[in-house]
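Listed here are the chains, written in short residue letters.
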Amino acid sequence: MKTIAANACRIVLALTFIFSGYVKASDPLGTQYKIHDYLEALGLAAYAPDWLTLCSSIALSAVEFSLGIFMLFAIRRRATSAAMLLFMMAMTAITVWIAIADPVSDCGCFGDAVILTNMQTLAKNIVLLACAATVYAWPLRMYRFISRPAQWIAINYTILFSLASSIVSLYLLPPFDFRPYHIGADLLKGMEIPADAPQPQFTTTFVLEKNGERKEFTLDDYPDSTWTFVDSKTVQTSEGYVPPIHDFSIQLEDGTDATDNILTHKGYTFLLISPHLETADDSNFGDIDRIYEYAKQHDIPFYCLTASTGKAIQHWQDITGAEYPFANTDETTLKTVIRSNPGLLMLRGPVIVGKWSHNALPDISDPDVSPDKLQSLHDNTRPASQKVLLVILWFILPLTMLTLADRTWAWTKWIRRKRVKPQQHIKHLKTKNNMRKKIVAGNWKMNMNLQEGIALAKELNDTLTAEKPNCGVIICTPFIHLASVAQFLNQDVVALGAENCADKEKGAFTGEVSAEMVKSTGAQYVILGHSERREYYNETPEILKEKVLLALKNGLKVIFCIGESKEEREANKQNEVVKAELEGSVFNLTAEEFANIVIAYEPIWAIGTGLTATAEQAEDIHAYIRSVVAEKYGQEVADNTSILYGGSCKASNAPELFAKPDIDGGLIGGASLKAADFKGIIDAWK
Ligand code: PGA
């Protein structure tokens, strides 16, 4: 159930965020205007310069789009789901505010593509917040499509694609135009109100007085003339039908309304649109002037529509030499008409037939080119289906190819591994002049409940199966995890071990777990002699000797821990201590039995303290331990014995430690509780 819930919610979030991120990225100016509306409602617009709101718009779309893609591909599952939850919490808080205070008429979540009422937005965000919380609760249950190394390619490509979409849309025009002023739109039709359209509704209340008492009445219960009229109020109760284009009007400089004249003109008309001449980009004024000359030559009316006033117009004329007439139109309308300041619109009658950003104005190097030809030169000639295809080709196709390549690679690797016999596999882990096995073992201690433990083990198993480690990897878990984890662990890649076993074979030892039981779960290793067990559970060398014998008897390999305390190190007694620990519990074994022992040197003062033995200190004592083993069992056995270092070992110090000739890997506590940290240590063998 949890897996189904997490994956279903992940798909809902992914698709919504990809859509909302992309529509925003493809219309950065539209999103900027929306941000500005919000800031205005908060009284903060004056503090946010245009460049800041534009950067925020681009960043917002990149964040949304990337979060959507990361969710879809289950990239960095924990971080992505946490970021998603934070994002949805912030967005839901904003929508609660807009639902109550009504500062903007629509939230702008999906640009102009889907317009929602404030209440619909709130409902949508509550659903998305619930999805985000579900995914956050079980992030590791999301199925992954690509392995970790390939994730970086997807992350970079996604961010790059989103930023590139924003920049292209800013430079040209939004590739998808959802506004009522798109190419092909008939402005007069857009202004029409159908005869049967709902009319706006008004209610009037009257305040009347009689014998000093004041009361409110409506037309329906208007009282007799014994009441004296005091006041009346009329309020609009419903808006009625609002046509898509309801605020488009053109006022000439002399104050006359030229809207009808222009829209009913039979031929072509050019409208240069600049909501704000003060902030308009004047770099392409030469091209604009050439189009004006062309318009004059072909008797095409040309107006510059702006919301700016006399002074700004004068300034624009001074710097660009503009000779065309100016007319006044509402600023918001002009911003809706075209996402370019300035931008050029070409009308045939009332129909928009061409739309150009000032950066890509139509080429009229041949002044005799016919206006019919010119209208077909706008940026948006491609039908929407082709544009969708382009997005697929530029973004979805490369990512799909990456996924397929990654999965094929993982599959062939898995097949190759299946063909390698276990012995060959172990051999592979040994270096040429050093035949012993390199190992990184995790000791979870008393951490992780069953679900968390399974999730961590699964994550490690997936990661390490996809990307074969250069060493043996073992995870030693609490007893209760063993059987469940053994079910899915590929023990050729990640072997399983327990953290302890009983010193008795079987019987009335309430609460104990025998070596045989451990073995029956599928585990192959057991940690014995850990300093925490020696100290807190009074495990003596004799008890440990029994445990080691029982473990070996039941076919378990033993990770046997030794190490000195701080006081012993200060008294320079470390060599003595480790030798005595070996003699006390494992030197009774035959050489054959001893081949199943991995030694873990763990200075007690370094365990969980953040203090690490220096690589030199560790190497000294590892070499000493090897010499003691050699003394007892001969050089060959000593050379084949893996001696691990433990105690605050982490990804940052592992490479230096593991580089030492007698350090064959690590026994890792704290840093084995997160897959990424543990993997970082495993990677030290690369
Ligand atoms: P640590 O523990 O890595 O958290 O120091 C090591 C151990 O006790 O095995």
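Residues numbered from 1 in each chain as written. Predicted model: local features only at pLDDT ≥ 70, side-chain atom pairs only at ≥ 80, totals over all residues. Heavy atoms only, no water.

### What to know about the sheet that holds strand E1 (residues 201-210)
Part 1 of the reasoning: One open sheet holds the 3 strands; their spatial order is E2-E1-E3, and the pairing between them is antiparallel. Either end of the sheet is taken by a strand with one partner, and the two such strands are strand E2 (213-217) and strand E3 (228-238). Each strand of the sheet is rotated relative to its neighbour by a mean of 20°, with strand direction disregarded.
Part 2 of the reasoning: Alignment of E1 against E3, held across 9 bridges, turns out to be antiparallel. If you follow Phe 202 over to E3, its bridge partner there is Gln 236. (Pairing = 2+ DSSP bridges. Helix = DSSP H or I, 4+ residues; strand = E, 2+ residues; numbered from the N terminus. Axes fitted to C-alpha atoms, helices over the stretch in contact; angles between N-to-C directions.)

### With respect to the domain arrangement of the protein
A common way to report how large an interface is uses the accessible area buried once the components associate.
Part 1 of the reasoning: As far as domains go, the protein holds domain 1 (2-140), domain 2 (201-238), domain 3 (251-381) and domain 4 (422-685).
Part 2 of the reasoning: A C-alpha centroid distance of 52 Å is found between domain 2 and domain 3. (Domains from an automatic or database assignment.)

### A few points about the site of the ligand
Part 1 of the reasoning: Taken together, 13 residues surround the ligand, and among them Lys 445, His 530, Glu 602, Gly 608 and Ser 648 come closest.
Part 2 of the reasoning: In this structure, an oxygen atom belonging to the ligand sits 2.7 Å away from a side-chain N or O atom of Glu 602.
Part 3 of the reasoning: Protein contact buries 95% of the 280 Å² of open area that the ligand shows by itself.
Part 4 of the reasoning: Residues that form the shell around the ligand fall into these classes: 4 nonpolar, 7 polar and 2 charged. (Near = heavy atom within 4 Å. Polar contact = N/O pair within 3.5 Å; in protein donor to acceptor, adjacent residues only side chain to side chain. Areas by Shrake-Rupley, 256 points an atom, 1.4 Å probe, with all protein chains shown as cover. Nonpolar A, V, L, I, M, F, W, Y, C, P; charged D, E, K, R; others polar.)

### Notes on the pairing of strand E5 (residues 268-274)
Consecutive residues of a regular strand have side chains that alternate between opposite faces of the sheet.
Part 1 of the reasoning: Counted residue by residue, E5 has 7 buried out of 7 residues, so it is predominantly covered.
Part 2 of the reasoning: Going residue by residue along E5, you find Tyr 268, Phe 270, Leu 272 and Ser 274 tucked away on one face and Thr 269, Leu 271 and Ile 273 tucked away on the opposite face as well.
Part 3 of the reasoning: Alignment of E5 against strand E8 (residues 343-348), held across 6 bridges, turns out to be antiparallel. Looking at E8, one finds that Thr 269 is bridged to Leu 347.
Part 4 of the reasoning: In the sheet, E5 pairs with strand E6 (residues 302-306) via 5 bridges, with the strands oriented parallel. Looking at E6, one finds that Phe 270 is bridged to Phe 302.
Part 5 of the reasoning: Between the parallel elements E5 and E6, the chain passes through helix H9 (residues 285-297) in a crossover that is right-handed. (Buried < 20%, exposed > 50% of the residue type's maximum accessible area, 1.4 Å probe, protein only. Right-handed = clockwise from strand over helix to strand, strands pointing away.)

### Points about the nonpolar core
Nonpolar side chains in soluble globular proteins tend to be buried together.
Part 1 of the reasoning: With 70 residues, the main nonpolar core has Ile 475, Phe 560, Phe 594, Ile 597, Ile 625 and Phe 658 as its most contacted residues.
Part 2 of the reasoning: Per element, the largest residue contribution to this core is 8 residues, and it comes from helix H23 (residues 615-633).
Part 3 of the reasoning: Formed by 27 residues, the second largest nonpolar core is a distinct cluster that contains Tyr 294, Ala 295, Cys 304 and Val 353. (Core = buried A, V, L, I, M, F, W, Y, C linked by side-chain atoms within 4.5 Å.)

### A look at the packing of aromatic side chains
Part 1 of the reasoning: Enumeration according to the criterion identifies 24 aromatic pairs in this entry.
Part 2 of the reasoning: Ring geometry for Tyr 22 against Phe 161: centres 6.4 Å apart, planes inclined by 20°, an arrangement best described as stacked. Here Tyr 22, found in helix H1 (residues 2-25), pairs with Phe 161, found in helix H6 (residues 148-171); they are 139 residues apart in sequence, far enough to count as distant. Like Phe 161, Tyr 22 is buried.
Part 3 of the reasoning: Ring centres of Phe 302 and Tyr 324 lie 5.1 Å apart, and the angle between their planes is 35°; on these two criteria the pair is classed as tilted. Remark: Tyr 324 occurs in the loop between helix H10 (310-320) and strand E7 (326-328) and Phe 302 occurs in strand E6; sequence separation between them is 22 residues.
Part 4 of the reasoning: Classification of Phe 302 as buried rests on a relative accessible area of 4%.
Part 5 of the reasoning: One aromatic cluster in this structure is built from Tyr 22, Phe 65, Tyr 157, Phe 161, Phe 176, Phe 178 and Phe 395.
Part 6 of the reasoning: Geometry around Phe 488 places Lys 458 over its ring, the cationic atom sitting 5.1 Å from the centre.
Part 7 of the reasoning: Its end group placed over the ring of Tyr 537, Arg 533 keeps NZ or CZ at 4.2 Å from the ring centre. (Phe/Tyr/Trp six-rings, centres within 6.5 Å; stacked < 30°, edge-to-face > 60°. Lys NZ or Arg CZ within 6 Å of the ring centre and 35° of its normal.)

### Quick notes on the side chain of His 622
Part 1 of the reasoning: Within the secondary structure layout, His 622 lies in helix H23.
Part 2 of the reasoning: Residue His 622 is classed as buried on the basis of its relative accessible area of 0%.
Part 3 of the reasoning: When sequence neighbours within four positions are dropped, the list of residues in contact with His 622 reads Tyr 601, Ile 643, Leu 644, Tyr 645, Asp 662 and Ile 663. (Contact = heavy atoms within 4.5 Å.)

### Structural notes on the pattern of salt bridges
Part 1 of the reasoning: Per the counting criterion, the structure on display carries 30 salt bridges.
Part 2 of the reasoning: We note a salt bridge from Arg 436 to Asp 664, for which the minimum N-O separation is 2.8 Å. With a gap of 228 residues between them, Arg 436 in the loop between helix H14 (422-428) and strand E10 (439-443) and Asp 664 in the loop between helix H25 (654-658) and strand E17 (665-668) connect regions that are remote in the sequence.
Part 3 of the reasoning: Among the residues examined, Asp 664 registers a relative accessible area of 0% and is labelled buried.
Part 4 of the reasoning: The salt bridge involving Arg 626 is made with Asp 664; its shortest N-O contact spans 2.9 Å. Of the two residues, Arg 626 sits in helix H23 while Asp 664 sits in the loop between H25 and E17, which places them 38 residues apart along the sequence.
Part 5 of the reasoning: Residue Arg 626 is classed as buried on the basis of its relative accessible area, which comes to 5%.
Part 6 of the reasoning: One salt-bridge network, held together by shared partners, links Arg 436, Lys 438, Arg 626, Asp 662 and Asp 664. (Salt bridge = Lys/Arg side-chain N within 4 Å of Asp/Glu carboxyl O.)

### Overview of H6
Part 1 of the reasoning: In this model H6 runs 35 Å from its N-terminal to its C-terminal C-alpha over 24 residues, within 8% of the 34 Å that 1.5 Å per residue would give.
Part 2 of the reasoning: Those residues of H6 lying buried are Ala 150, Gln 151, Ala 154, Ile 155, Thr 158, Phe 161, Ser 162, Ser 165, Ser 166 and Ser 169. (Expected span 1.5 Å × (residues − 1).)

### Thoughts on the sheet that holds E5
Sheet strands line up and pair through hydrogen bonds in the backbone, either parallel or antiparallel.
Part 1 of the reasoning: Read across the open sheet, the 6 strands follow the order E4-E7-E6-E5-E8-E9; overall the sheet is mixed. Each edge of the open sheet carries a strand with a single partner, namely strand E4 (251-252) and strand E9 (351-357).

### Thoughts on the pairing of E6
Part 1 of the reasoning: Across the 5 residues of E6, 5 count as buried, placing the element largely inside the fold.
Part 2 of the reasoning: Judged by which residues are buried, E6 turns out to be covered on both faces: Phe 302, Cys 304 and Thr 306 on one side and Tyr 303 and Leu 305 on the other are all buried.
Part 3 of the reasoning: When E6 meets E7, the two strands line up parallel, connected through 3 bridges. The partner of Thr 306 across the bridge, within E7, is Asn 328.
Part 4 of the reasoning: Between E6 and its parallel partner E7, the chain crosses via H10, and the hand of that crossover is right-handed.

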